[in-house]
Amino acid sequence: MANLQGNTSSTVHQEYLSAAVEIARKAGEEIRTTFQLKKTIEIKSSPVDLVTETDQKVEKLIISFLQNKFPDHSFIGEESTEAGSHCELTDNPTWIIDPVDGTTNFVHCFPFVAVSIGLSINKENSVGVIYNPILDEMFTAIKGGGAFCNDKPISCSKQEDICKCLAIAEVGSSRDKAHVKTKLGNIAAVIDRGAHGLRSLGSAALNMCQVARGGGDVYFEHGIHCWDMAAGAVIVTEAGGTVIDPKGGPLDLMKRNVIAASSQQLAETISSCLTHIEFPRD
Ligand code: LIP
């Protein structure tokens, strides 16, 4: 059970959080069991965009559990969308699920994989659960109730200065030459502006958790999806950070780009360093 100490949110939100935590742990058991085994891999949008049987099995497990508890809710899942399900965010409570965020890590036994479960209500990111079953770290947040890791409150670093920041970024799974060039150029630009260093965990959800716990100061990426960032957006915001559209303005979950930062000032400075890439909306 997530510790809801200090949480001022409604009982119904707490019920949603408890359900998401319960199924994230069950999903995590499945991921842990298969982590060291040889995986059957298929490719999706590019030869480096991977999916395994575990991604598909775990997503079904999560959706059927939540659907059973909340039959009126809507669902967006990475693998269901890949299989042709309609990906639409409405005002209805919508669970946004990445069963294994960091699939490439999972394939390579690199221990940064996470179950990511976000709940959007009236298009507001309201509940976030991100569980790394290998390191047994459970990140949770309800809008208005703070952010936690393994029941302990977490907070962003509040860093505002790019010259004192540890930045996190990813190359991503597109191998479009122009995209790769722009992304590497963006990393170079942030380093040129004086950032202390650059890290890549290979999981958007876990990158956002690092910002939320003050381990990294800013994470930026172009080309991810709503299921990579829905849960992380609540966790970062509740940890005192900010999530924005890299071009400026509020985060648009379906727009496939994100900056998550420890402060608004740092987010804006990073935004000014980047060359932006537009992707088709989720
Ligand atoms: C991954 C993201 C990561 C990105 C990868 C991939 P997946 O999600 O979390 O940030 O760089 O290309 O999209 O596919 O492992 O769920």
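Computed from a predicted model, the values in this text were never measured in an experiment.

Notes on the pattern of salt bridges
Where charged atoms from two side chains of opposite charge approach closely, those side chains can pair.
Part 1 of the reasoning: Scanning the entire structure with this criterion turns up 10 salt bridges.
Part 2 of the reasoning: Across the salt bridge formed by Arg25 and Asp136, the nearest N and O atoms sit 3.8 Å from each other. With Arg25 in helix H1 (residues 11–34) and Asp136 in the loop between strand S6 (124–132) and strand S7 (137–142), this residue pair connects regions lying 111 residues apart in the sequence.
Part 3 of the reasoning: You can call Arg25 partly exposed: its relative accessible area is 33%.
Part 4 of the reasoning: The partner of Lys123 in a salt bridge is Asp91, and the shortest N-O contact between them spans 3.3 Å. Of this pair, Lys123 sits in the loop between strand S5 (114–121) and S6 while Asp91 sits in the loop between helix H3 (78–82) and strand S4 (94–101), placing them 32 residues apart in sequence.
Part 5 of the reasoning: Connected through shared salt-bridge partners, Lys44, Glu78 and Glu79 make up one network.

Considerations on the domain arrangement of the chain
Part 1 of the reasoning: According to the domain assignment, the chain contains domain 1 (11–153) and domain 2 (162–273).
Part 2 of the reasoning: The C-alpha-based centres of domain 1 and domain 2 are spaced at 20 Å.
Part 3 of the reasoning: Taken together, the contacts link 40 residues of domain 1 with 23 residues of domain 2.
Part 4 of the reasoning: For the pairing of domain 1 and domain 2, the buried interface totals around 2,400 Å² over both sides, and the portion due to carbon and sulfur atoms is 69%.
Part 5 of the reasoning: The largest contributions to the domain 1 side of the interface with domain 2 come from Asn125, Ile130 and Phe139, which together make up 23% of the buried area.
Part 6 of the reasoning: Taken together, the links from domain 1 to domain 2 amount to 1 salt bridge.
Part 7 of the reasoning: Taking the shortest distance from any N to any O, the salt bridge between Arg213 and Glu137 comes out at 2.8 Å.

Some thoughts on unusual backbone geometry
Negative phi is the rule for most residues except glycine; trans is the rule for most peptide bonds.
Part 1 of the reasoning: Even without a glycine there, the phi angle at Lys123 is positive, about 65°.
Part 2 of the reasoning: Not every positive phi belongs to a glycine, and Asp136 is a case in point at roughly 50°.

A word on the sheet that holds S6
One key point about sheets: their strands pair by backbone hydrogen bonds, in either a parallel or an antiparallel sense.
Part 1 of the reasoning: Taking strand neighbours across the sheet as the criterion, the 7 strands line up as S3-S4-S5-S6-S7-S8-S9 in an open arrangement whose pairing is mixed. What marks the edges here is a single partner per strand, and that holds for strand S3 (74–77) and strand S9 (152–154). Pairs of neighbouring strands in the sheet enclose a mean axial angle of 20°, with direction left out of account.
Part 2 of the reasoning: Pairing between S4 and S5: 6 bridges, direction antiparallel. Looking at the pairing, Trp95 lines up with Leu119 of S5.
Part 3 of the reasoning: Relative to the sheet, helix H2 (residues 53–69) contacts S3, S4 and S5, its axis offset from that of S4 by approximately 155°.
Part 4 of the reasoning: Helix-sheet contacts for helix H7 (residues 226–238) involve S3, S4, S5, S6, S7, strand S8 (147–149) and S9, and the interaxial angle to S6 is about 100°.

Examining the packing of helix H6 (residues 204–212) against H7
Part 1 of the reasoning: At their nearest, the axes of H6 and H7 sit 8 Å apart, and the two run at 5° to each other. In terms of their interaxial angle, H6 and H7 are classed as roughly parallel. Along the contact surface, H6 presents Ala204, Ala205, Met208, Val211 and Ala212, while H7 presents Asp228, Met229, Gly232, Ala233, Ile235 and Val236.

Quick notes on the rules
In every chain, residue numbers begin from 1 and rise along the written sequence. Selection of residues for local features in this predicted model requires a pLDDT of at least 70, selection of side-chain atom pairs for listing and counting requires 80 or more, and totals for whole chains, interfaces and linings are taken over all residues. Calculation of side-chain values draws on the structure's entire complement of heavy atoms; hydrogens and water are dropped beforehand. Any carboxyl oxygen of Asp or Glu that lies within 4 Å of a side-chain nitrogen of Lys or Arg is treated as forming a salt bridge with it. A run of H or I in DSSP becomes a helix once it reaches four residues, and a run of E becomes a strand once it reaches two; helices and strands are each numbered from the N terminus. Buried residues are those whose accessible area, probed at 1.4 Å on protein chains only, stays under 20% of the maximum for their type, while exposed residues exceed 50% and partly exposed ones sit between those limits. Domain segmentation is taken from an automatic or database assignment of domains. A contact between two residues is defined here by any heavy atoms of the two lying within 4.5 Å. Buried surface area refers to the total accessible area, computed with a probe of radius 1.4 Å, that the two partners give up upon joining, counted for both partners together. In short, DSSP must find at least two bridges between two strands for them to pair. Inter-axis angles, ranging from 0 to 180 degrees, are taken between N-to-C directions of lines fitted to C-alpha atoms, where helices are fitted over the stretch in contact. In this scheme, roughly parallel covers angles under 35 degrees and roughly antiparallel covers those over 145, while 65 to 115 is roughly perpendicular and the rest are oblique.

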